[in-house]
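# Observations on the three-dimensional arrangement
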Amino acid sequence: MPSSTANPKASPPQIIIKKTTLDDLIQALQREGYQVIGPVLEQEAIVYRPVTQLKDLALGWIDVQEAGSYRLERDEAQRFFAFTVGPQSWKAYLFPPREEIWKARRENGRILMEEPETPPRLAFLGVRACELAAIHVQDRIFLQGPYVQPRYARRREAVFIIAVQCTRAGNTCFCVSMGTGPHVREGYDLALTELEDTFLVHIGSEKGAALMAEIPHREATQEEVAEATRRVDAAAASMGRTMDTTELPELMRQSLESPHWEEVGKRCLACANCTLVCPTCFCFTLEDVTDLTGQEAVRVRLWDSCFNQEFTYTAGRPIRVSIASRYRQWLTHKLGWWVEQFGVLGCVGCGRCITWCPVGIDLTAEVQTLRHMYGRASSPATVSR
Amino acid sequence: MNHSPVPHPALSMPTQGTFPLFFRVVRRQRETPDTYTLWLEPPAGTPFAFQPGQFNMLYVFGVGEVPISISGPAHDPIPVVHTIRAVGAVTRALVNLKPGDLVGVRGPFGTSWPLEQAQGKDVVIVAGGIGLAPLRPALYHLLHHREAYNQVVLLYGARTPRDLLYRRELERWRGRFDMEVLVTVDRGPREWRGHVGVVTTLFDLAEPFFQPANTVALVCGPEIMMRYTARELLRRGVPEEHIYVSLERNMKCGQGFCGHCQFGPLFICKDGAVFPYPQVAHLMTLREV
Ligand code: SF4
Ligand code: SF4
Ligand code: FES
């Protein structure tokens, strides 16, 4: 982890806090006016919800993930962040699944527009490396222009990010292949690594340094820093999945007319789960509704999915009729077109789409099949972001 | 000649965001049994300008929003002219609006026809059905700056004579000595004395009026018609990179965010709707893209 982004004046770049001090961190953020969002246990899964104290966090759980399955087990070591990522991602907060974007009211033959309230300032506690990469992918989509999404921009500017370096990888994780994790590299205010009784904290911004100044801490020893690195390296070494990313966009282009899409199309239910759990998927629809009197209209933005048949409805009929064509759209977009559109791949290797696919379709396996069909590129490599 | 699509004009219009501005319908005219033209007046003091080939998102209060190309002259952009075919709930609501009603407008969005690059060349415009609407601003431009262009040829095909858009205007244009207008229908009643057949069958008649190697072609219509037209233009020697097409896809945002309009790597709303043919040819032959 480079220390160049830290502010050496306010605090040393690597510091140690006691685990219970995390509560002070949450309190300090709340005093600063942030609503803190962190991992909690809900309906047998780890999800991100508003938290107000340390007790709210899901303590002592490990997730067991496989293609099409997710299960939680007790963690003997009682760690705070031994699980990896759950069905939800932070996109639910920066780019909510349902959001009113404006209201309009008829009044004396005129129509008056109303902007929605300013979104709250959020602090994310527990952003994994792959998720941080996903946020940066969505930044490119919503902020790079020519147009900018104002609601996303407002939420994004205000957010405080406490990253967590994974010390354990899941069975569907492949961030190492995608070059996104498990080491957290940039774009956070604070980054935590969970040790035995403490967290190693790395400061990534002025905001982060200012907050840490209010909180009891001490300088980290060389040994503690080395131990943190060892733990994250161990996670990197235990990735459940890999994906060869060599010339992926070219592979996708070569595969456009592959019979393999038909084969996946037979398994895929077009349930759209993969797009909903994916932290980079950004498609939405706009719905216009009125109240009963017809005097007030609201435009609502809702997550949509390229797996829905109505998605391509043009001049009275859908264009991607077969499920095969919709799966092809999804995968060739993620691993191909995305690079032309936004300069990065649309997959960060979090593995959610594998875990939450009800029939266990695994994109790493599909890519491997396509590679066998269309010839392997010579040098196995990972993309650099 | 520069073959990349014309870039977006400056994003300076108050209508180019996520909030519609309400324009007033000042005139409505029936074109065909299911197609109407609306003239929309912006609120006092609101500027509006566009490039031929661009579109607006039109919103009917509480009903919904759809992309509709602008079909009036760019040199005289206000009131804003839209020709709309009723195919769904929103377009039906739009064609039923009356003078005095309000329409939400966002835009203009998208790329435009390469009219600057076409200067000094023959310009062949090939339109199918409602595809004439996004091409009409290009025609207005060519005729307004007539001396800047060589031959101007319009080939227009509709399903039946009743489906011909802008019939009076077509007749007027056909009477001009400085342009060629050829019209065909897929099916004609017995009284129809004009040409019958798909639009590509007009090329034999149009042959004397343009020099393929020095021609820029602007094409808009159903995708299959554009494919056959491009093939015919290529066969006659029009350079591939001088052919432009305007594509249609489902659109929700018009700004490259919602993902609906994707066509391979392209967002039709911001990378198009007007594309140089070589940029999209390989995708147009794939099914269900
Ligand atoms: S495609 Fe799958 S593995 Fe990749 S980022 Fe999306 S959910 Fe994660
Ligand atoms: S993909 Fe990597 S960063 Fe993401 S949860 Fe798994 S190990 Fe952590
Ligand atoms: S219409 Fe939304 S991305 Fe093109």
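Every chain is numbered independently, its residues counted from 1 as its sequence is written. The naming scheme follows written order: chains are lettered A onward, ligands numbered 1 onward. Totals for whole chains, interfaces and linings use all residues, but because this is a predicted model, local features are given only for residues with pLDDT of at least 70 and pairs of side-chain atoms are given and counted only at 80 or more. The basis for every side-chain value is the complete set of heavy atoms in the structure, and neither hydrogens nor water enter the calculation.

### Some words on the packing of helix α9 (residues 260–267) of chain A against helix α13 (residues 363–374) of chain A
All names here are of chain A. The condition that has to hold: In this analysis an axis means a line fitted to C-alpha atoms, helices contributing only their contacting stretch, and an angle means the value between N-to-C directions, from 0 to 180 degrees. The numbering of helices and of strands both runs from the N terminus, where a helix is a DSSP run of H or I of at least 4 residues and a strand a run of E of at least 2. Each angle receives one of four descriptions, namely roughly parallel if under 35 degrees, roughly antiparallel if over 145, roughly perpendicular if within 65 to 115, and oblique otherwise. For any pair of crossing helices, the crossing counts as left-handed if the nearer helix is rotated counterclockwise from the farther one by less than a right angle, and right-handed if it is rotated clockwise. Contacts are assigned to residue pairs that have any heavy atoms within 4.5 Å of one another. Side-chain classes are defined by residue name, with Ala, Val, Leu, Ile, Met, Phe, Trp, Tyr, Cys and Pro counting as nonpolar, Asp, Glu, Lys and Arg as charged, and the others, Gly among them, as polar.
Between α9 and α13, whose axes approach to 11 Å, the crossing angle comes to 155°. Accordingly, the angle class assigned to the pair α9 and α13 is roughly antiparallel. By crossing handedness, the relation of α9 to α13 is classed as right-handed. For the pair α9 and α13, the contacting residues are His260, Trp261, Val264 and Arg267 in the first and Glu366, Thr369, Leu370 and Met373 in the second. When grouped by side-chain class, the residues that make up the contact of α9 with α13 number four nonpolar, two polar and two charged.

### Some points on the confidence of the model for chain B
Stated precisely, the cut-off is as follows: Per-residue confidence from the predictor is reported as pLDDT, which spans 0 to 100.
Here chain B averages 94 in pLDDT, and 96% of its residues register 70 or above. For this predicted complex, the interface score ipTM comes out at 0.92, alongside a pTM of 0.93.

### Considering the interface of chain B and chain A
For clarity, the threshold we go by: Buried area is calculated as the accessible area (1.4 Å probe) missing from two parts once they are joined, with the contributions of both summed. Salt bridge, as used here: a side-chain nitrogen of Lys or Arg that lies within 4 Å of a carboxyl oxygen of Asp or Glu. A 3.5 Å cut-off defines polar contacts: any pair of N or O atoms within that distance qualifies, except that in protein one atom must be a possible hydrogen donor and the other a possible acceptor, and neighbouring residues in sequence count only when both atoms are side-chain atoms.
With 39 residues of chain B at the contact, the number on the chain A side is 52 residues. When the two sides are added together, the surface that chain B and chain A hide from each other amounts to roughly 3,800 Å², 62% of it contributed by carbon and sulfur. Taken together, the connections running from chain B to chain A amount to one salt bridge. Notably, a salt bridge pairs B:Glu65 with A:Arg299, separated by 3.1 Å at the nearest N-O pair. Between chain B and chain A we count 18 residue pairs in polar contact (both at pLDDT 80 or more) in total.

### Thoughts on the side chain of A:Ser255
Along the chain, A:Ser255 falls in the loop between α8 (248–254) and α9. Not counting the four nearest positions on each side in its chain, A:Ser255 is found in contact with A:Trp261, A:Leu370 and A:Tyr374.

### Description of helix α6 (residues 206–213) of chain A
Residues and elements named next belong to chain A. The line we're drawing: Accessibility here uses a 1.4 Å probe with only protein chains present; expressed as a share of the type maximum, an area under 20% marks a residue as buried, one over 50% as exposed, and anything in between as partly exposed. Note that the arc is defined by the directions from the helix axis to the C-beta atoms.
Restricting attention to buried positions, one finds in α6 the residues Gly208, Ala209, Leu211 and Met212. Down the axis of α6, the buried set is contained in an arc of 165°. They therefore lie on one face. Facing away from the buried surface of α6 by more than 90 degrees, the exposed residues are Glu206 and Ala213. Looking at the buried positions of α6, the neighbouring elements they touch are β1 (14–18), α1 (22–31), β9 (160–165), β10 (190–194) and β11 (198–203).

### Looking at the side chain of A:Gln65
Residues and elements named next belong to chain A. With respect to the secondary-structure elements, Gln65 resides in strand β4 (residues 61–66). Judged by its relative accessible area of 2%, Gln65 falls in the buried class. A polar contact of 2.9 Å, which involves the side chain of Gln65, links it to the side chain of Asp63. For Gln65, the contacting residues outside a window of four places in its chain are Tyr70, Thr84, Val85, Asn171, Thr172 and Thr355.

### Brief notes about unusual backbone geometry
Residue B:Pro79 is bonded to the preceding B:Ile78 through a cis peptide linkage, with omega at 0°. Relative to the assigned elements, B:Pro79 resides in the loop between β4 (64–69) and β5 (80–85). The amide bond that connects B:Gly107 to the next residue, B:Pro108, takes the cis arrangement and shows omega of 0°. Phi angles above zero are rare outside glycine, and A:Glu44 is one such case at about 60°. Its place among the elements puts A:Glu44 in the loop between β2 (35–42) and β3 (45–50). Residue B:Glu288 is not a glycine yet carries a positive backbone phi of 55°. Mapping B:Glu288 onto the fold places it in the segment after α7 (277–284).

### Here's the deal with the nonpolar core
Spelled out, the test is: We call a set of buried residues a nonpolar core when its members are Ala, Val, Leu, Ile, Met, Phe, Trp, Tyr or Cys and they connect through side-chain atoms within 4.5 Å of each other. Domains are outlined according to an automatic or database domain assignment.
Counting 125 residues, the largest nonpolar core has A:Phe124, A:Trp330 and B:Leu155 as its most contacted members. The element best represented in this core is helix α3 (residues 129–143) of chain A, accounting for nine residues. Among the domains, domain 1 (9–109) and domain 2 (122–246) of chain B are the pair contributing at least three residues each to this core. Excluding its chain neighbours within four sequence positions, the residues that come into contact with B:Leu155 are B:Val124, B:Ile125, B:Val126, B:Ala127, B:Leu182, B:Val199, B:Leu202, B:Phe203 and B:Ala206. Membership of the second largest hydrophobic core comes to 37 residues, among which are A:Leu25, A:Ile26, A:Ala28 and A:Leu211.

### Notes on the sheet that holds strand β7 (residues 110–114) of chain A
Residues and elements named next belong to chain A. We apply this condition: Should DSSP find at least two bridges between two strands, the strands are taken to pair.
In space, the four strands of this open sheet follow the order β7-β6-β14-β13, with antiparallel pairing throughout. Of all strands in the sheet, those bounded by a partner on one side alone are β7 and β13 (284–290). Going from strand to strand, the sheet's axes swing by 20° on average, the running direction of each strand aside. Sheet topology places strand β6 (residues 98–107) next to β7; five bridges connect them, and they run antiparallel. Each bridged residue has a counterpart across the sheet, and for Arg105 the counterpart in β7 is Leu112.

### Describing the site of ligand 1
Quick note on the threshold: Throughout this document, a residue counts as near a molecule or strand when at least one of its heavy atoms sits within 4 Å of that molecule or strand.
In the neighbourhood of ligand 1, 13 residues make up the surrounding shell, with A:Cys278, A:Cys347, A:Cys350, A:Gly351 and A:Cys353 lying closest. Its residues assigned to classes, the shell around ligand 1 comprises nine nonpolar, two polar and two charged.

### Brief notes about the pairing of strand β6 (residues 102–109) of chain B
Remark: a regular strand shows side chains that alternate across the two faces of the sheet. All names here are of chain B. Counting buried positions along β6 yields eight of eight residues, so the element is predominantly enclosed. With four bridges connecting them, strand β3 (residues 55–60) and β6 associate as antiparallel partners. Looking at the pairing, Leu58 lines up with Val105 of β6.

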